[in-house]
Amino acid sequence: MEFVSSDRMIRPAINATALKILIAGGFGVGKTTLVGSVSEIEPLRTEEQLTERSAGVDDVTGVEQKRTTTVALDFGRITINQELILYLFGTPGQDRFWFMWDELAQGALGAIVLADTRRLASCFAAIDFFEERNVPFVVGVNCFDGTQMYTVDEVRGALDVDPFVPVLLCDVRQRESTKKVLTTLLEHIMSLTGHAQRAAGDG
Amino acid sequence: MTGEDSAWFDEDAGPLARPYTFTRGRTHVARDDLNMITLVVALRRHHGGELDHAHGRILESCQDPISIAEVAAGADLPLGVVKVLLSDLIEQNYVIFRTGLAKHSSAASPDTLQKVLDGIREL
């Protein structure tokens, strides 16, 4: 795979601002492919150990049962300039545990929910997660092998997302297509920010 | 943080070494102002002896500004463990950090968003 950089390697300043965008969606939908198509580094993998509190509490001991699980993230980097670095984090696809990972959503600029029309249900949980946490997101319908089984409107209806949430077709193996999804997200965030500011100004 | 009592530790053992091996049985805790995109940079190099293997390795990996996620990926350690090690290094003035955005995305100014948008278009 070809990566964007090498000729773009910029040493970030220590006072640089780091930003992150999350890429979510079901297992095998192409999250890491999306990251790799625009990252200036080969996607890296990092992991975190999360402790899950079980719902049940032992009445006798009062001790909650806890389970530790490890979740892995693939991520890439786009150095915008010396002062601005954007990280793209692919959420773990296979398990539900990342939904407990508060830090993942904290400070996220926004998110891309990648959908596979053959398994639309696999992105419901991610959509709920971002809606609950007020993380702006767009839905990218990843078209595998050029197959386009449904229209954007059909997908929007099936996913039941708010009408202002952008839904677009993409092929995340293509850098230009991934860029389009990212710029759509940025424009969406900017329009939400603009609305919020105008609303605040009116009030 | 002397190098002696971690010397038995064999890097090749990989996952056999539990994370608390690195953090000395959790006597150290991570600062709560570190997150996965916090940028860290070393103030000095590691001149052997003063730091144990794990801390020394982390210090070497942040000679240029780098995010904690990248440090963790490079060290092949969980983020939580790396935050503890970095907290120790920050405490002892080996490393300084600059935290990313605050808790909410609204902290990104329209100007910053525009720069990110332009940057992506130029890729």
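Keep in mind the model is a prediction, meaning the values are calculated, not measured.

Asks: Can you break down the overall build of chain B residue by residue, with the values?
Replies: For chain B, the count of helices and strands is five helices and three strands. Sequence-ordered secondary structure for chain B, helices as α and strands as β, is α-β-α-β-α-α-β-α. Here chain B, with 123 residues, has 39% of them falling under the buried criterion. Restricting to contacts in chain B with at least 6 residues of sequence separation, those with at least 24 account for 70%.

Asks: Lay out the environment of leucine 168 of chain A in plain terms, naming residues and giving numbers.
Replies: All names here are of chain A. With respect to the secondary-structure elements, leucine 168 resides in strand β7 (residues 167-170). The exposure class of leucine 168 is partly exposed, given the 15 C-beta atoms found within 10 Å. With 14 residues separating them along the chain, leucine 168 and glutamate 154 place their C-alpha atoms 11 Å apart. Once residues within four sequence positions are removed from consideration, leucine 168 is found in contact with Val138, Gly140, Val141, Val152, Val181 and Thr184.

Asks: Mind laying out the interface of chain A and chain B, listing which residues take part and the relevant values?
Replies: Where interface size is quoted, it is often the accessible area lost as the parts come together. Residue-level contacts link 40 residues of chain A with 34 residues of chain B. Contributing elements (two or more residues each) for the side of chain A that touches chain B: β1 (17-25), β2 (44-57), β3 (64-81), β4 (84-90), β5 (108-115) and α5 (175-202) of chain A. At eight residues, the largest contribution of residues to the side of chain A that touches chain B is made by α5 of chain A. Classifying every residue of the side of chain A that touches chain B by side-chain character gives 23 nonpolar, nine polar and eight charged.

Asks: Account for the pairing of β5 of chain A, naming residues and giving values.
Replies: Residue and element names in this part refer to chain A. Counting buried positions over the eight residues of β5 gives eight, a clear majority of the element. One ladder, built from six bridges, connects β1 with β5; its direction is parallel. Along β5, the bridge assignment pairs glycine 25 with leucine 114. Sheet analysis places β5 next to strand β6 (residues 137-142), joined by five bridges and oriented parallel. Bridging across to β6, leucine 114 finds its partner in glycine 140. This β-α-β element, β5 to helix α3 (residues 124-132) to β6, shows right-handed connectivity.

Asks: Quick one: what's the story with the packing of helix α2 (residues 53-61) of chain B against helix α3 (residues 68-75) of chain B, residue by residue and with numbers?
Replies: Residue and element names in this part refer to chain B. Where α2 meets α3, the closest approach of the two axes is 10 Å, and the angle between their N-to-C directions is 125°. By the angle between their directions, the pair α2 and α3 is classed as oblique. Both α2 and α3 take part in a crossing whose hand is right-handed. Counting all contacts with α2, which are made through Arg57, Ile58 and Ser61, the residues of α3 involved are Val71, Gly74 and Ala75.

Asks: An account of the sheet that holds strand β3 (residues 95-98) of chain B is requested, with residue identities and associated values reported.
Replies: Residue and element names in this part refer to chain B. Reading across from one edge, β2-β1-β3 is the order of the three strands in this open sheet, with antiparallel pairing throughout. Strand pairing shows two members of the sheet lacking a second neighbour, β2 (66-67) and β3, which therefore form its edges. In this structure, strand β1 (residues 39-42) lies alongside β2, joined through two bridges in antiparallel fashion. Each bridged residue has a counterpart across the sheet, and for leucine 39 the counterpart in β2 is serine 67. Where helix α4 (residues 79-91) meets the sheet, it contacts β1 and β3, and its direction lies at approximately 110° from that of β3.

Asks: Please give an account of the confidence of the model for chain B that cites residues and values.
Replies: Interpretation of the predicted coordinates at a detailed level should be avoided for regions scoring low in pLDDT. All names here are of chain B. When pLDDT is averaged along chain B, the result is 79, and 71% of the positions lie at 70 or above. Between residues 1-21, whose pLDDT stays under 50, and residues either more than four places distant or in other chains, the model counts 17 contacts. Reported for the predicted complex are a pTM of 0.84 and an ipTM of 0.86.

Asks: Describe in detail unusual backbone geometry, supporting the description with residues and values.
Replies: All names here are of chain A. Look at asparagine 134: it is not a glycine, yet its phi comes out positive at around 55°. Note on placement: asparagine 134 falls in the loop between α3 and β6. For aspartate 160, which is not glycine, the phi torsion reads 55° and is therefore positive. Mapped onto the secondary structure, aspartate 160 falls in the loop between α4 (152-159) and β7.

Conventions and cut-offs
- Residues numbered from 1 in each chain as written.
- Chains lettered and ligands numbered in written order.
- Predicted model: local features only at pLDDT ≥ 70, side-chain atom pairs only at ≥ 80, totals over all residues.
- Helix = DSSP H or I, 4+ residues; strand = E, 2+ residues; numbered from the N terminus.
- Buried ≥ 20, exposed ≤ 12 C-beta atoms within 10 Å, placed from the backbone.
- Contact = placed C-beta atoms within 7 Å.
- Nonpolar A, V, L, I, M, F, W, Y, C, P; charged D, E, K, R; others polar.
- Pairing = 2+ DSSP bridges.
- Right-handed = clockwise from strand over helix to strand, strands pointing away.
- Axes fitted to C-alpha atoms, helices over the stretch in contact; angles between N-to-C directions.
- Parallel < 35°, antiparallel > 145°, perpendicular 65-115°, else oblique.
- Left-handed = near helix turned anticlockwise from the far one by under 90°.
- pLDDT = per-residue confidence, 0-100.

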